[in-house]
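# Close look at the chain arrangement
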Amino acid sequence: MTRKQRRNLLRILLSLCLLAVCVTLDRTGLLARAGRAATPLAYLVPYLVVGWDVLRRAVRGIVRLRPFDENFLMAVATVGALALGEYAEAAAVMIFYQTGEWFQSWAIGRSRRNIAALMDLRPQVARRLLPGGEEEEVAPEEVAPGETIVVRPGDKVPLDGIVESGTSTLDTSALTGESLPLEAGVGTEVMGGFVNLTGTLAVRVTKPFGQSAVAAILELVENAAARKSKHENFVTSFARVYTPVVCGAALALALLPPLVSLTLGAAPLWQTWLYRALTFLVISCPCALVISIPLSFFAALGGAGRAGILIKGSVCVEALSRVRCVAMDKTGTVTAGAFAVTEIEPYGMDERRLLMLCAHAECDSTHPLALCARAAWGEPIDRSRVTDVREHGGHGVTARVDGLAVAVGNAALMRQLGVELPRPDDGATVMHAAADGVYAGRLTFADSVKAEAAPALSDLRRAGVRRLVLLTGDGEGAARQVGEALGFDEVRAGLLPGDKVRAVEEMIAREEAAGSRGQVAFVGDGINDAPVLTRADVGFAMGAVGSDAAIEAADVVLTNDDPRRVAVSILLARKCMRIVRENIALALVVKALCLALGAAGAAGMWYAVIADVGVMVAAVLNALRALRVRAVCPSAKTDRKETT
Amino acid sequence: MTKTYKIEVDCAHCAAEMEQAAKKTEGVRDAVVSFMTLRMTVEFEDGADEAAVMKRVRKSCRRVDDDCEVYLP
């Protein structure tokens, strides 16, 4: 609670007590005995205690010739009530109104804290290492690439760079959503926004602050609320038209029925109609709508942010909620981006022996495929069994394993050695082996599919996504295998970055041709796919904290590379839109009902203000539901602790 | 050039008024006020003196809502 909130709460409670005293004195007849002016004067005390600022703002509005706001509505209604002799009512209406305002500011403060936690990412200071070994504190923006900075324990790493000396443990959760700390030593890449936990590090800066991921994320978060959705704009323009219209209607209600009665020769009942008009004004206050719609979006952005899903503004929430088609990049998105042995085809020996020969022949190689072969073998390598290792650059390795002449490599190496292949390569990544000049078999390698990929796809289907497409630059064979195993509807292989844009455009055109308002999302790891991220209705950059271009191009940034978050984002957006629609409906229906009852004289000012504050509180509480990501998808990890 | 400033404002309506006031200020090409994050993003006209423009922005914001604050660096 801020100081202002505490002060206002005290004011409300104080005037509530004063009002109770007044009502008691009034009931016992003491006020009436004290003189004619005593009653209005007594009630004015609680009224002014709680409402003086509303009156002041209303007067200021009139002076500045822009009178139509909530303050004006409340001032006119309560002053009118005072003039009609409804003193208790005037004070009570003001108290209720201020209670509503207080509640609003509390609710906003609550969801603001979520965003504030994200903004804490901003590094305040960098310690630049001077040639003499001294340190100098400067703003992160002032440090140039190539300079060295010192990061002490407890500091935020201010800029992206590479560790030059020192070892430490770093908390990366704010940027990557990963709860496991990063162990950093010489040569480790660190990023701005990591928090150094244990040791002092010297870091050579590789990028200026403006190009770091943390700067791009801050930019995204700070400007997210500025990109307003259709619904928010609706509320703004609604309020602009609504208040003058309602004031006009209230005026008509105060004047027309009595005038009509007069011309018909009946009693005009000025007081009754004036009171009804004032009630009408109280009810018409549009605050439930005006506050709850932006608050719903804001709460959704905040809640998502805490779960590692950064959404660029409420426009994106709207688009996200209508995603019907998802195109996914293969490498780094559904696959881990690292190779593994997927198939072993021995010729004239068993699988283990083939693996053993490959792993041992490649025992010194640092080639990625060699690493995979050794990983597939899984047992320790006995180097004493290997002699005469010769690297054939770009082709493979020959060696003697247990005295056997083994050749391991690509088709070109086999040709060189005069070994005949039983069948030609089909585009997959393979490693051939020959023993004593005889073909021994082959290993097929493929990028391994992420464990989360299959659940991610079924989550997406459950979230109402009708079409899942796999896009990749890889060859047909490998792509089809992954696509079919995971249940994609369509696989498009061998695509250049430009082809991916065209593929996404085709999907968008198809949605439009089908006349649906379904949106097309593209999910990529942000490397080389900025054009597609921009072209898709909703672009997801996954685990893209390394690339500021991807963060700029994307609509949604996932801070880790778990593809299940895509479905969580969609569900969260849906929930947010549902809340928004509920609140619009709730506010409009209750208001319309109360307006009708008030105009007909069936509801007094008390009911009016209770209905008004009630709807507002209900709508705000409903909006705060959007903060809760866990309720959307129980499997979604929200590592960051709940803000209480 | 675009810069972001911290602001203090009480209600969404006042924030919208501040935005209008800031937009009309001389030297400002565009301004966006986010009530939720309490930030004002101002795009300056080319060659505008940032500090002087922001003083004017603060003044015109005060005119529409005298409780508001624009924190200048």
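Our subject is the structure that appears above.
Cut-off values and rules
- Residues numbered from 1 in each chain as written.
- Chains lettered and ligands numbered in written order.
- Predicted model: local features only at pLDDT ≥ 70, side-chain atom pairs only at ≥ 80, totals over all residues.
- Heavy atoms only, no water.
- Pairing = 2+ DSSP bridges.
- Helix = DSSP H or I, 4+ residues; strand = E, 2+ residues; numbered from the N terminus.
- Axes fitted to C-alpha atoms, helices over the stretch in contact; angles between N-to-C directions.
- Parallel < 35°, antiparallel > 145°, perpendicular 65-115°, else oblique.
- Contact = heavy atoms within 4.5 Å.
- Nonpolar A, V, L, I, M, F, W, Y, C, P; charged D, E, K, R; others polar.
- Core = buried A, V, L, I, M, F, W, Y, C linked by side-chain atoms within 4.5 Å.
- Buried < 20%, exposed > 50% of the residue type's maximum accessible area, 1.4 Å probe, protein only.
- Domains from an automatic or database assignment.
- Patch = residues over 30% accessible without salt bridge, like charges linked within 9 Å, V, L, I, M, F, W, Y side chains within 5 Å.
- Areas by Shrake-Rupley, 256 points an atom, 1.4 Å probe, with all protein chains shown as cover.
- Salt bridge = Lys/Arg side-chain N within 4 Å of Asp/Glu carboxyl O.
- Arc of directions from axis to C-beta.

So, on to the sheet that holds strand 9 (residues 201-205) of chain A. Residues and elements named next belong to chain A. Taking strand neighbours across the sheet as the criterion, the six strands line up as 2-1-3-9-4-7 in an open arrangement whose pairing is antiparallel. Edge positions in the open sheet fall to strand 2 (135-138) and strand 7 (189-190), since each of these has one partner strand only. Examined bridge by bridge, strand 4 (residues 161-165) and strand 9 share four bridges and lie antiparallel to one another. Directly across from valine 163, in strand 9, lies its bridge partner valine 203.

Right, let's get into the packing of helix 9 (residues 270-284) of chain A against helix 21 (residues 605-624) of chain A. Residue and element names in this part refer to chain A. Where helix 9 contacts helix 21, the axes come no closer than 8 Å and their chain directions differ by 10°. Taken together, the axes of helix 9 and helix 21 are roughly parallel relative to one another. Touching Tyr275, Leu278, Thr279, Val282 and Ile283 of helix 9 are Met605, Ala608, Val609 and Asp612, all from helix 21. In terms of residue class, the contact of helix 9 with helix 21 is built from seven nonpolar, one polar and one charged.

So, on to the nonpolar core. As a rule of thumb, nonpolar side chains are buried together in soluble globular proteins. If you look at the biggest cluster of nonpolar residues, it comprises 88 residues, and the most contacted ones within it are Ile311(A), Leu320(A), Val326(A), Leu460(A), Phe540(A), Met18(B) and Met40(B). No other element matches helix 20 (residues 564-600) of chain A, which puts 12 residues into this core. Summarising the domain contributions, this core has at least three residues from each of domain 1 (3-116 + 227-297 + 577-627) and domain 3 (309-334 + 450-559) of chain A. Filtering out sequence-adjacent residues up to four positions away, Leu460(A) remains in contact with Val326(A), Met328(A), Val465(A), Leu468(A), Val566(A), Ala567(A) and Ile570(A). Grouped together as the second largest cluster of nonpolar side chains are 48 residues, Ala213(A), Met507(A), Ala554(A) and Val557(A) included.

As a further point, take a nonpolar patch on the surface. All names here are of chain A. A cluster of nonpolar residues, Leu251, Leu255, Leu256, Leu259, Leu262 and Trp270, forms a patch on the protein surface that exposes about 570 Å² of accessible area. For the nonpolar patch, the element with the highest residue contribution is helix 8 (residues 230-264), accounting for five residues. Inspection of the secondary structure puts leucine 251 in helix 8. Note on leucine 251: relative accessible area 55%, which makes it exposed.

Residues and elements named next belong to chain A. Taken as a whole and judged by the stated rule, the model has 32 salt bridges over all chains. The residue glutamate 135 makes a salt bridge to arginine 152 at a minimum N-O spacing of 2.7 Å. Of the two residues, glutamate 135 is situated in strand 2 and arginine 152 in the loop between strand 3 (148-151) and strand 4; the sequence distance between them amounts to 17 residues. Through salt bridges with shared partners, a single network forms among Arg467, Glu490, Arg492, Glu506 and Arg510.

Attention shifts here to the sheet that holds strand 8 (residues 195-196) of chain A. All names here are of chain A. The three strands lie next to each other as 6-5-8, forming an open sheet whose pairing is antiparallel. For this open sheet the edge positions go to strand 6 (182-184) and strand 8, each flanked by a neighbour on one side alone. Looking at chain direction, strand 5 (residues 168-171) and strand 6 are connected through three bridges and run antiparallel. What sits directly across from serine 168, in strand 6, is alanine 184.

So, on to helix 15 (residues 453-462) of chain A. Residue and element names in this part refer to chain A. Along helix 15, the positions that sit buried rather than exposed are Ala453, Ala456, Leu457, Asp459 and Leu460. Each buried residue of helix 15 lies within a common arc of 160° when the element is viewed along its axis, so the set occupies one face. Looking at the residues trailing helix 15, positive phi occurs at glycine 464, about 95°.

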